[in-house]
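Here's the letter readout for the chains.
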Amino acid sequence: QVQLVESGGGSVQAGGSLRLSCAASGYTYTMYCMGWFRQAPGKEREGVATFARRGGSTSYADSVKGRFIISQDNAKNTLYLEMNSLKPEDTAMYYCAARVVPGCDMIRQLFRYWGQGTQVTVSA
């Protein structure tokens, strides 16, 4: 089993920045790809960004390209999401997730482990 715990969410004004953290524990060596998803009220959970733990390749949703940066700290076994130029439409519950099979496609059904989520609220 893998346990993921997010932190760093909060309230910020439009144009501001936040950095989310995801601490992983358990059988972390089995994780192949990690990603961030978000879900706003009344909407489906959508992929935000992914990070391939071995190759380091990244991918981003069109809505966050150029504003968000995903990275990892192997020593701390922690995944980060730096969010800049935040917009009200970024308001959502943000979830950290991990895949244990090769591949890093941003398809939520393929991610086996999930964190509890951290709320991000952006005011206009």
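Everything below is about the structure shown above.
Residues numbered from 1 in each chain as written. Predicted model: local features only at pLDDT ≥ 70, side-chain atom pairs only at ≥ 80, totals over all residues. Heavy atoms only, no water.

S.K.: Hey, could you run me through the packing of aromatic side chains in this one?
M.R.: Geometrically, a pair of aromatic rings is defined through the distance of the ring centres and the angle of the planes. Counting across every chain of the model gives four aromatic pairs. Ring geometry for Y27 versus Y29: centroids 5.8 Å apart, planes at 85°, classification edge-to-face. Residue classification places Y27 among the partly exposed residues on the basis of a relative accessible area of 47%. With a relative accessible area of 63%, Y29 lands in the exposed category. Seen in terms of ring centroids, F37 and W114 are 4.9 Å apart; in terms of plane orientation they differ by 55°. Their pairing is tilted. Residue F37 is located in strand β4 (residues 33–39), and its partner W114 is located in strand β10 (residues 113–114); the two are separated by 77 residues in the primary sequence. Taking relative accessible area as the criterion, F37 reaches 1% and is therefore assigned buried. Under the relative-accessibility criterion, W114 is labelled partly exposed at 26%. A connected cluster of aromatic rings, assembled from ring pairs, spans F37, F111 and W114. Sitting over the ring of W114, R45 keeps its end group 5.1 Å from the ring centre. Its end group placed over the ring of F111, R99 keeps NZ or CZ at 5.9 Å from the ring centre. (Phe/Tyr/Trp six-rings, centres within 6.5 Å; stacked < 30°, edge-to-face > 60°. Buried < 20%, exposed > 50% of the residue type's maximum accessible area, 1.4 Å probe, protein only. Helix = DSSP H or I, 4+ residues; strand = E, 2+ residues; numbered from the N terminus. Lys NZ or Arg CZ within 6 Å of the ring centre and 35° of its normal.)

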